[in-house]
Each structure stands twice: as structure tokens, then as C-alpha cells.
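Survey of secondary and tertiary structure
Here is what each chain is made of, one letter per residue.
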Amino acid sequence: MPVLLLIPHYPLPQEDKDFFKRINPYGFVLSIPKHRDMDPNQLRRELEDALGRKDFLFFLDQEGGSVNRLRNFDSSFYSPAASHFGDIAQKDFDLAVAQALKEGGRTGRKLKSYGIDVVFAPVADVIDREDIFRRNRYYSVNPQVSKALADAFAQGLADAGVVPCYKHFPGFGDKVDSHKTIPVINASLAEITSQMKTAFQESKKYGCLLTGHALYTSLDEQNVSSYSAKLYHLARKTLGFKGIIITDALNMVAAGGPKTNDLGERMNKAFAAGTDVVMPFFRTYESPEKKEEILRQIDPKYIKRFQRRARLIQHQAISH
């Protein structure tokens with residue numbers, strides 16, 4: 001099924017193993033929630049036995065700085081925030097690019113050692129001012145500098161054997177947090193198109209793109225980006241992206257929030273708009289039966305459509 005699921009409990013109880021087998025997801029997002037002493041390589045072996053297949057993918061949110069989920073597996077691991085490289089670039093652009101490439105490689109090798117296939121990084125979003133929520137997640141207010149640093153970090157990841165998944169398409173940071181409210185972006189369509197072509201051009205090499213949740217008023221006044229067909233048209237037709245597109249987590253307030261009463265409807269709305277994969281994160285106390293009831297609301301036509309495309313990113317993961 002075209003979903004990425006969390007590991008709510010570890011060690012894995014039998015009811016979770018049975019649930020995963022019935023749903024047969026595309027992959028899993030690790031480190032949310034945190035599990036003490038989890039070994040992802042051991043988890044993979046357990047899931048291979050439970051699912052009866054080996055071609056599922058492990059995803060991790062690992063940008064560096066405040067988004068440093070590798071630390072859940074190695075408490076000593078530290079990686080600087082994106083803004084660190086932007087600061088270096090103000091004095092020495094070439095050094096900053098070299099450092100971002102090196103850090104991408106170091107991060108990628110650590111990810112690879114834990115069996116992570118795809119990482120939700122780099123943050124390729126464009127910003128034009130400093131008063132942005134969690135500013136340190138962004139490389140630079142200069143679009144060309146930001147692109148060069150993001151692309152270098154992505155190349156380092158790929159060289160280490162991990163697929164970089166660029167985010168958050170089409171890529172405009174804001175001063176509000178989409179986990180808690182809906183960012184409203186008033187950039188013109190021409191600005192969005194121009195910046196998107198610059199920031200996300202290299203994502204086509206790797207075959208993975210993560211959408212953000214924001215209202216781009218010049219693109220679609222009615223729908224948050226992850227539910228907007230115009231957004232996916234921008235990715236597929238204007239950018240020419242042919243890989244897998246994943247929505248950011250659907251439990252974020254900008255995407256509808258953590259309540260599950262309309263989650264089936266939201267997933268289908270994202271699929272109808274054009275996404276390939278969704279992240280319908282559930283509360284840890286949600287029963288497997290309830291989660292399955294909701295996931296079974298996905299229209300079978302979207303499951304079939306996804307299965308025709310799924311190997312695009314799997315090929316990338318294997319080839320790297």
C-alpha cells in the first residue's frame with residue numbers, strides 16, 4: 001500500500017506484526033516515537049519475517065541541527081544545521097560547498113550503517129528573510145547559495161548509498177509552523193515557478209520529493225499544497241519530476257491535524273491531487289484494528305496506480 005507507517009511499539013508485539021503484514025506498506029519512518037535501544041538492522045530482520053518480503057524501505061528525518069534523529073541510535077552523533085554552511089558561505093563559498101558535501105557523506109555513511117534507505121533531506125526551501133520559523137533548518141537567504149549547499153549535501157548522501165528526498169516542494173519557508181497552523185505564501189506564480197526550478201532541479205536525479213503543507217495563494221486559493229492538483233502538475237509537468245512524490249505527515253495541523261475521523265478522506269484527496277505516497281501518522285495508542293479500518297478507505301485505484309510506479313525509487317535505493 002502507498003503509505004509510510006511508524007513503529008508505535010518496540011519490541012514489536014505480535015499484533016503490530018500482523019497489522020503490518022495485512023497492510024503491507026511501502027515503508028516505515030523510524031525514530032517517531034523514540035524507542036530505547038532499538039537497532040534498525042534488527043528491526044529490519046523482524047519486519048522481513050513479519051511481512052515476508054525484503055523490498056520495503058526505511059525512511060528517516062535527518063537534516064542536522066535540531067532535526068538530528070540519528071542521535072536516537074547513536075547518542076554521540078552530531079551534525080550541524082543547514083544554516084551553519086550558509087554562514088560559512090558568506091566568507092568562503094567554495095569551502096561551504098565542500099563542507100556540505102563532506103557532511104552529507106558522513107551523515108549518509110552513518111545512515112547506511114543503520115540500514116536507512118531514504119532520508120528526508122536536504123531542506124531545499126527558498127527563504128528571503130531571516131525571521132523564518134526554525135531559521136537554522138534553511139541554508140541561505142540567497143537562492144543560488146541555498147541550491148548549491150543543498151545539492152552538495154544531497155550528493156554526499158547519495159555517494160554514501162542513501163537516497164536524498166528533497167523537501168518541502170515547492171519550497172518556501174515561512175515564519176509560522178505548519179505543525180500548528182497553515183502557512184500562507186503570497187508569492188506570485190512566476191516567483192514560485194522560478195524558485196522551484198532552481199531549488200529542486202537536482203531532485204530529479206534521485207527520484208524522491210516531499211511536499212510541504214502550505215497555502216500558495218497564486219497557485220491554489222482553496223487547497224493546501226499537498227491536496228492541490230496544481231501543485232503536482234507543477235512538479236510533473238513544469239519541473240519534469242518523474243520519481244516518487246510523498247506528502248509530509250498528515251497529522252500536521254496544516255494538513256488537517258491529528259484527528260482521524262476524516263483521515264481516509266484526506267488520504268484520498270492527496271492521492272486524487274497526484275501524490276504517490278502518504279504518511280498517515282496515527283497516535284501510538286490507536287489500535288491496529290482502527291488504523292486498518294482507516295487505511296482500508298484508500299481507493300483501490302490509487303493503490304494500483306502506485307504499484308505501477310513503486311519501483312522507481314526502489315531502483316534508486318538499490319543503485320545507490
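Whatever comes next refers back to the structure up there.
Residues numbered from 1 in each chain as written. Predicted model: local features only at pLDDT ≥ 70, side-chain atom pairs only at ≥ 80, totals over all residues. Heavy atoms only, no water.

1. Re the environment of Asp131
Relative to the elements of secondary structure, Asp131 occurs in the loop between strand 6 (118-119) and helix 5 (143-159). Given a relative accessible area of 46%, Asp131 falls into the partly exposed group. The sequence separation of Asp131 and Asp174 amounts to 43 residues, and the corresponding C-alpha distance is 8.2 Å. (Helix = DSSP H or I, 4+ residues; strand = E, 2+ residues; numbered from the N terminus. Buried < 20%, exposed > 50% of the residue type's maximum accessible area, 1.4 Å probe, protein only.)

2. Details of the packing of helix 3 (residues 82-89) against helix 4 (residues 93-113)
Direction vectors running N to C along helix 3 and helix 4 enclose 155 degrees, while the axes themselves pass 7 Å from each other. Overall, the two elements helix 3 and helix 4 adopt an arrangement that is roughly antiparallel. Seen from helix 3, the contacting residues are Phe85, Ile88 and Ala89; seen from helix 4, they are Phe93, Leu95, Ala96, Gln99, Ala100 and Glu103. Partitioning the contact of helix 3 with helix 4 into residue classes produces seven nonpolar, one polar and one charged. (Axes fitted to C-alpha atoms, helices over the stretch in contact; angles between N-to-C directions. Parallel < 35°, antiparallel > 145°, perpendicular 65-115°, else oblique. Contact = heavy atoms within 4.5 Å. Nonpolar A, V, L, I, M, F, W, Y, C, P; charged D, E, K, R; others polar.)

3. Considerations on the state of the cysteines
Within this structure, the stated rule accounts for one disulfide. Note on cysteine connectivity: Cys165 is disulfide-linked to Cys208, with sulfurs 2.4 Å apart. Linking Cys165 and Cys208, the disulfide has an S-S dihedral of approximately -70 degrees and is accordingly described as left-handed. With Cys165 in the loop between strand 7 (163-164) and strand 8 (166-169) and Cys208 in strand 10 (residues 208-211), this residue pair connects regions lying 43 residues apart in the sequence. The same class applies to Cys165 and to Cys208, which are both buried. (Disulfide = S-S within 2.5 Å.)

4. Digging into empty space enclosed by the protein
Following the criterion strictly, the structure yields three cavities of 30 Å³ or more and no others. By volume, the largest cavity amounts to about 90 Å³. If you trace the largest cavity, you find 13 residues lining it, with Leu6, Pro8, Phe281, Phe282 and Lys291 closest to the centre. Residue assignment for the lining of the largest cavity shows that the elements contributing at least two residues are strand 1 (4-6) and helix 1 (14-23). (1 Å grid on protein atoms, 1.4 Å probe; cavity = no way out; pocket = protein on both sides within 12 Å on 5 of 7 lines; lining within 4 Å. Points joined across faces, edges and corners; volume = space filled by probe spheres on them.)

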